[in-house]
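The residues making up each chain are set out below.
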Amino acid sequence: MKKFRKVLDGLTTSSPGGTIGSPSSGSAAGTPTSAPTPKEIDVQETLVSENFQLCKTVRHGFPYQPTALAFDPVQKILAVGSRTGGIRILGRPGVDCYCQHESGAAVLQLQFLINEGALVTACADDTLHLWNLRQRRPAVLHSLKFNRERITFCHLPFMSKWLYVGTERGNTHIVNIESFVLSGYVIMWNKAIELATKTHPGPVVHLSDSPKDEGKLLIGFESGTIVQWDLRGKKADFRIYYDEAIHSVSWHHEGKQFMCSHSDGSLSMWNLRNTTKPFQVTFPHGKIQKDGRKESCKPILKVEFKTSRNSEPFVIFSGGLSYDKAGRRPTLTIMHGKAITVLEMDHPIVEFMALCETPYNNEVQEPYAVVVLLEKDLIVVDLTQSNFPVFENPYPMDIHESPVTCTAYFADCPPDIIPILYSMGAKHKKTGYSHKEWPVAGGLWTLGSNTYPEIILTGHADGSIKFWDASAITLQMLYKLKTSKAFEKPKPAEGRAAEMVEEDPFAVQMVSWCPHSRIFCVVGISAHIILYRFSKYEANAQIVSLEVRLQCETEDMVTPSESENHPCFSEAGSRSPQAHHQHPASPGSATPEGNRDSVPCIKVKDRMVRVPPGYQAELVIQLLWADGEPPQQITSLDINSAYGLLALGNCNGLAVVDYLQKTILLCASTLDLYGAADPYQRLTRSPRRNRQSTSEFCMRGLSNFYSDSKKRIRTSYQSLTELSDNQQSVDMERSKSPTSDHVNGHCTSPTSQAKPRVPMGPEGPRLTRRGPGRPPFRKAQSAACMEVSLPVSHTEVGYASRRAMLQQFHGVTMYSHDEHPTSAPYCWSERESRENSFSRSRSSSVCSIDRDTKEAVTTLQFGESYGRKGDAMPTPCLWVGTSLGVVLLIPMSIPTDQEERMDEPVTIGPSGTVLMLKGSVLRFSFLDCTGALIQSPHEVWRDPNAPEDPERPRRRKLVNFSPSSSQDNCGEGHLAVVCSEKQAKVVLMPSQSCLFVHNITESSFVLRADVVSLCSSVCLACFCANGHVMTLSLPSLRPLMDVNYLPLTDMRIARTFCFTNGGQALYLSSPTEIQRITYSQEMCDNLQEMLGELFTPIETPEAQNRGFLKGFFGGNSHNFDREELFGEASAGKASRSLAQHIPGQVGMEGMKVAASGVMGDLARARVALDERGQRLGELEDRTALMMTSAETFSKHAHELMLKCKDKKWYQL
């Protein structure tokens, strides 16, 4: 605990980062009287570095790029492997574990040690890993690296400790699971096939032991050769040579027949009595053509042959369709007797597996479901019903249903918000699912003790928004909102008009949500904002549309002296533009050449519509085209339900909207907000002949990500594959001017300077570069699909510049693709390379003729503050942060009476600059003088469509958090926390004295910053582009944690990383998965209790009694001793150069994980008791045997005594 005392007298100008005087513009913030200045500030900071620790908590969503599937039929848990080396282990809802191979190699195959709490993985780097699942966070116990052969297939028999491993050379090796070493027993390919065979049989594609005799191993080679190998006799029982390549083999449970799937789309049945030819060959989807030939079919990649006690056997396979129809969807075929059912899938099938009642392969299988792993989904089909319905998936596997474009995280929400959202979403759930319970029901999970309501929001490319219940580290779908319903459907166009149609015009760019008032705002890609109110009732309503013209011109320029003579705001409140309701485009709004002017990008529905309960659209704000130029993307947004105001900003300026009166209060460029107090002293220049648009400058910043200008951006939603490096959307036309600049990724013009505006003229300057009719974007880039590959630097510098990063982060250029083709890649000049490097000073105090006159609004925040230094009482204010590091303060006068609020206008008057920081401003927050966080005022939610009570008229209930509350010891005032991409400052209001300054980073820049609550205190959390996660104390800005956690390699992380209260954060780790992390030591300590148990002690089911005749004639499978055959004593040791054993690195963390958890302790104690009981039983048997031996010995000794009793000594 540390106390900070600072004398504030006379620090207004000499404090660090000095402040700039505010111009005396008209303001309704109060009478300019001298406010009392506190003599000292006494803040007791309770947070220390021991309160912080960074670790991953849980991963949600569908495993990205899945490759393998496995199921434990006793434990009933499912494992999915991925191409990036990840493993997802799923059980009952709440049991969801993610593991990652350190090598990152793709997982080829998974094998459970059934009911043993272990998993074997085979990876593409030819390494086998043994995972221990008896702990909440699995760890690798052993690894075995093959040096000379490539692994192609693995098979582990039930209740066996010997793993069969097939290789690309056709050999079969045997691995001891307990010691993870190779046996000396090897089945060489040249011994498996006949000596007369001249060709290599190919890689091993199948291994399985015969259900009839465990001493027989069936080996399938890719070329079509099948060998049954006698493990005891070390010879082949039979060999089958088939013309078609083999993909899979499946046994009948009696061990007398097996089925093969082939590359020509056929299934062949083989009987062990006659292996010269198959007794049945079928083409399930092959039709006989007119000429008598069978049409060619696609390969059947896998087949499973499962028997049922009360019905015909099931034959389940994937593929095998004919080639005649192009574009046919992938299918799973279920053949049950004579009935053939074809299930069409939305995505390609990666793997499938039938779930059976018994783990024994020599018993009737009784399949009850089939798990189908698709490229982008996981489904389970119910086989017990004739129509084969699918089970309702309890896991959040549909996060990527439409590509994710933004995220938001809210912890400690009001407790009533989750049930009400769930009740609204339950009305729109899909039907037709199986009525049975989800079959993957293994593991154990209980609700933790310290849980609180958490909600995650995801915005998507199709305009939809999903609300997720994220409480207790789980994720469950609550409610889905479709923003596209507020707009008319775009009409299909032809020819040149088709170029103007956007592919994803409703893509969500950012969201703003107040859980208390339930006001919800959505920023879309088409430069539009939708305001929603929550209601439990249906309603017939018409959406109000406001149109804002926010554009800058390069021709009209003014000098600083002219700005002084013509101030932007002659009188506070004199400007109150009326709402412009949306209207159809007039004939004059578009020329035959395609120029568009004063029209929005998309059309709002202008009729009464019936809206269901839930979030209902009330207002749409759209930025307009201007002189053929599309509106720039909205970069910042804030809404305050208590004020009834909404503020938005982009790279052209700022607009403030009164959503209660549906009017535009302010629409001005950023330069207009300064008035005569522009801190940069911008010089005027004559306009250039070749005008260039803002989009061009935005896109040129893309090369600032890295020095060599090599980039790869993922844009395909269907395949999520990479585009080529020379894609037009990436290497586009760039500015050739060495004096032009691009500040923080927001468009700036070297010659633009806004002209003075008349009160009712919100139209802005215009720029022209894009050709007539060019669309503002071609396809909405999602955060899920955006990936930029960066060179690895030896320093901590993750990127060369912040500028293009923020243009993607704020969505300026992310959706604005240049259409101009380039004949050759553009080479940056040496000067531009120097300007875009980190060596260039990015201080906001730089005054240069090259400094552009435009700056973007990067962050906005409503709150109770002091508009001017002389104010005695706090008033409603809007804090504005710009891309040049300038903080502006706009006080407002809002009528307090409800009736006056709906009739009287809100007056606004900028008061000037408060302070300046290095880099673009990212975040505002407010503390009282005791260091407590000041919440923003909000309105208490009331249903707008509820029936009115005449006796109790509805009135707005406001909750205000005054900065002067609980400050008797330090007088009036509050602290403002301002964070930019480079530094953070704490400013005392109203004196505007800078108390604390901290330079967060010099070599990188901050991507995300938030003031969060943690351990009954607050801190500033930052995520930098070099991967560092940092926390700073408040208000002293003392570093508490700095962890190099995640090197930023793609824009997906930059756009989706967000902090929340309670020491939690999240980001999109892949296009389909959300990774949640915590930086709280308390949560790290309690994490083991919150995670689910993967392994629960379950008694292994006993094998069925086969009967005397079956046991006598059915073979001697139970007399097979693998230990005697494969052990070192009989088989010898394998060559050391063939494979290398690597012990697992569990370490202290793994030991703690294994030893923690109450349920884990109980389970281990139960297992220990079972083992102790077993040992006691064995001891009892041995004791009884010893007693029997003692009695026998006593008997023999007595007989010997009687025999020798009467004899003399010489007769002996």
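Residues numbered from 1 in each chain as written. Predicted model: local features only at pLDDT ≥ 70, side-chain atom pairs only at ≥ 80, totals over all residues. Heavy atoms only, no water.

## Examining the overall build of the protein chain
Then, number 1: For the protein chain, the helix and strand inventory stands at 15 helices and 64 strands.
Then, number 2: Burial status across the protein chain gives 58% buried among its 1212 residues.
Then, number 3: Long-range contacts, defined here as pairs at least 24 residues apart, represent 65% of the contacts in the protein chain between residues at least 6 apart.
Then, number 4: Total accessible area on the protein chain stands at roughly 50,700 Å², and carbon and sulfur atoms take up 52% of it. (Helix = DSSP H or I, 4+ residues; strand = E, 2+ residues; numbered from the N terminus. Buried < 20%, exposed > 50% of the residue type's maximum accessible area, 1.4 Å probe, protein only. Contact = heavy atoms within 4.5 Å. Areas by Shrake-Rupley, 256 points an atom, 1.4 Å probe, with all protein chains shown as cover.)

## Examining helix α2 (residues 417-426)
Then, number 1: Of all the positions in α2, only Ile417, Ile418, Ile420, Leu421, Met424 and Gly425 are classed as buried. Within α2, the buried residues cover an arc of 165° as seen down the axis, which keeps them to one side.
Then, number 2: Tucked into the core, α2 has its buried residues touching β32 (454-460), β33 (464-469), β34 (476-482), β35 (508-514), β37 (528-535) and β41 (614-623). (Arc of directions from axis to C-beta.)

## Digging into the pattern of salt bridges
Then, number 1: Tallied over the full model, the rule gives 32 salt bridges.
Then, number 2: Linking Arg232 and Asp213 is a salt bridge whose minimum nitrogen-to-oxygen distance equals 3.4 Å. Placement of Arg232 in the loop between β18 (225-230) and β19 (235-241) and of Asp213 in the loop between β16 (204-209) and β17 (216-221) is noted, with a sequence separation of 19 residues between them.
Then, number 3: We classify Asp213 as buried; its relative accessible area is 9%.
Then, number 4: Salt-bridge contacts for Arg901 lead to Asp658; the nearest nitrogen and oxygen are separated by 2.8 Å. Of the two residues, Arg901 is situated in helix α8 (residues 898-903) and Asp658 in strand β44 (residues 653-658); the sequence distance between them amounts to 243 residues. Across the pair, exposure class does not vary: Arg901 and Asp658 are buried alike.
Then, number 5: Connected via shared salt-bridge partners are Arg59, Arg88, Asp96 and Glu1073. (Salt bridge = Lys/Arg side-chain N within 4 Å of Asp/Glu carboxyl O.)

## Some details on the nonpolar core
Then, number 1: Ranked by internal contacts, the top residues of the largest apolar core, which has 33 residues, are Leu421, Ile455, Leu457, Phe467, Trp513, Phe520 and Tyr615.
Then, number 2: When residues in this core are grouped by element, the largest group, five residues, is from α2.
Then, number 3: Filtering out sequence-adjacent residues up to four positions away, Ile455 remains in contact with Ala408, Tyr409, Phe410, Cys413, Ile417, Ile418, Leu421, Phe467, Trp468, Ala470 and Trp513. (Core = buried A, V, L, I, M, F, W, Y, C linked by side-chain atoms within 4.5 Å.)

## Overview of the pairing of strand β25 (residues 314-319)
Then, number 1: In terms of residue burial, β25 counts as a mostly covered element, since five of its six residues are buried.
Then, number 2: With six bridges joining them, strand β24 (residues 300-306) and β25 adopt antiparallel strand pairing. Looking at the pairing, Lys306 lines up with Phe314 of β25.
Then, number 3: Pairing analysis gives five bridges linking β25 to strand β26 (residues 331-336), with the strands arranged antiparallel. Bridging from a neighbouring strand, Val315 pairs with Met335 of β26. (Pairing = 2+ DSSP bridges.)

## Comments concerning the sheet that holds strand β28 (residues 349-356)
In a beta sheet, neighbouring strands pair by backbone hydrogen bonds and run either parallel or antiparallel.
Then, number 1: Taken together, the three strands give an open sheet; going across it, the order is β28-β29-β30, and neighbouring strands pair in antiparallel fashion. Strands with a single pairing partner mark the edges of an open sheet, and in this sheet they are β28 and β30 (378-382). For this sheet, the mean inter-axis angle between neighbouring strands, taken without regard to orientation, is 20°.
Then, number 2: Two elements, β28 and strand β29 (residues 367-374), share seven bridges in a ladder whose sense is antiparallel. Bridge pairing in β29 places Met353 opposite Val371. (Axes fitted to C-alpha atoms, helices over the stretch in contact; angles between N-to-C directions.)

## Regarding the side chain of Ser268
Then, number 1: Take Ser268: it is sitting in strand β22 (residues 267-271).
Then, number 2: Not counting the four nearest positions on each side in its chain, Ser268 is found in contact with Tyr242, Phe258, Met259, Cys260, His262, Pro278, Gln280 and Val281.

## Here we look at the confidence of the model for the protein chain
Then, number 1: Scored by pLDDT, the protein chain comes out at a mean of 77, with 72% of its residues at no less than 70.
Then, number 2: Low pLDDT, under 50, characterises residues 965-970; the predicted model gives this stretch 10 contacts beyond four residues in sequence or across chains.
Then, number 3: Note that residues 1147-1160 has pLDDT below 50 and, in this model, 22 contacts with residues that lie over four places away or in other chains. (pLDDT = per-residue confidence, 0-100.)

## Some remarks on the packing of aromatic side chains
Then, number 1: Counted according to the given criterion, the structure contains 27 aromatic pairs.
Then, number 2: Considering the side-chain rings of Phe467 and Tyr479, the 5.7 Å spacing of their centres and the 55° angle between planes classify their relative orientation as tilted. Taken together, the residues span a long stretch of sequence, with Phe467 in strand β33 and Tyr479 in strand β34 at a distance of 12 residues.
Then, number 3: Look at Phe467 and you get buried, because its relative accessible area is 0%.
Then, number 4: Taking relative accessible area as the criterion, Tyr479 reaches 5% and is therefore assigned buried.
Then, number 5: Residues Tyr643 and Phe862 carry aromatic rings whose centres are separated by 6.1 Å and whose planes lie at 80° to one another, so their mutual orientation is edge-to-face. Here Tyr643 is found in the loop between β42 (634-640) and β43 (645-650), whereas its partner Phe862 is found in strand β46 (residues 857-865), with 219 residues between them in sequence.
Then, number 6: Each residue in the set Phe410, Phe467, Tyr479, Trp513, Phe520, Tyr532, Phe534, Tyr615 and Trp941 is aromatic and connected to the rest through ring pairs, giving one cluster.
Then, number 7: Against the face of Tyr98 rests Arg59, its NZ or CZ located 3.8 Å from the ring centre.
Then, number 8: Just above the ring of Phe352 sits the side chain of Lys302; from NZ or CZ to the centre is 5.2 Å. (Phe/Tyr/Trp six-rings, centres within 6.5 Å; stacked < 30°, edge-to-face > 60°. Lys NZ or Arg CZ within 6 Å of the ring centre and 35° of its normal.)

## Comments concerning a negative patch on the surface
Then, number 1: Where like charges cluster on the molecular surface, the negative patch consists of Asp897, Glu899, Glu900, Asp903 and Glu904.
Then, number 2: Given a relative accessible area of 58%, Glu899 falls into the exposed group. (Patch = residues over 30% accessible without salt bridge, like charges linked within 9 Å, V, L, I, M, F, W, Y side chains within 5 Å. Lys, Arg positive; Asp, Glu negative; His and termini not counted. Charge placed at Lys NZ, Arg CZ, Asp CG, Glu CD.)

## Considerations on the environment of Ser1130
Then, number 1: Here Ser1130 shows up in helix α13 (residues 1128-1131).
Then, number 2: Taking the relative accessible area as the measure of exposure, Ser1130 reaches 44% and is therefore partly exposed.
Then, number 3: In the structure, Ser1130 is positioned 947 residues away from Ser183 in sequence and 9.8 Å away in space, judged by C-alpha atoms.
Then, number 4: What Ser1130 contacts, discounting residues up to four positions off in sequence, is Glu1124 and Leu1125.
Then, number 5: Polar contacts involving the side chain of Ser1130 include one to the main-chain carbonyl oxygen of Glu1124, which spans 2.4 Å. (Polar contact = N/O pair within 3.5 Å; in protein donor to acceptor, adjacent residues only side chain to side chain.)

## Digging into the sheet that holds β41
Then, number 1: Across the sheet, which stays open at both edges, the five strands sit in the order β35-β36-β37-β41-β39 with mixed pairing between neighbours. Every other strand in the sheet has two partners, leaving β35 and β39 (544-548) as the edge strands with one partner each. The average angle at which neighbouring strand axes cross in this sheet is 20°, direction not considered.
Then, number 2: Of the pairings in the sheet, the one linking β35 to strand β36 (residues 519-524) comprises six bridges and is antiparallel in character. By the bridge assignment for β36, Val508 is matched with Gly524.
Then, number 3: Along the sheet, α2 makes contact with β35, β37 and β41, crossing β37 at roughly 100°.

## Quick notes on helix α10 (residues 1081-1090)
Then, number 1: Listed as buried for α10 are Met1083, Cys1084, Leu1087, Gln1088 and Met1090. Along α10, the residues classed as buried sweep out an arc of 160° about the axis, all on the same side.
Then, number 2: Here α10 starts with a cap whose side-chain oxygen sits 3.4 Å from the backbone nitrogen of Glu1082, and that cap is Ser1080.

## Overview of the pairing of β41
Then, number 1: Among the 10 residues in β41, 10 count as buried, and that is most of the element.
Then, number 2: The sheet contact formed by β37 and β41 spans eight bridges and is antiparallel. Paired with Arg533 across the bridge in β41 is Gln616.
Then, number 3: Direction of pairing for β39 relative to β41: parallel, over a ladder of five bridges. Across the sheet, residue Ser545 finds its bridge partner in β41, namely Val620.

## A closer look at the state of the cysteines
Then, number 1: Counted under the stated rule, the structure contains zero disulfides.
Then, number 2: Left without a disulfide partner, Cys99 is nearest to the cysteine sulfur of Cys97, which lies 4.0 Å away.
Then, number 3: Look at Cys99 and you get buried, because its relative accessible area is 5%. (Disulfide = S-S within 2.5 Å.)

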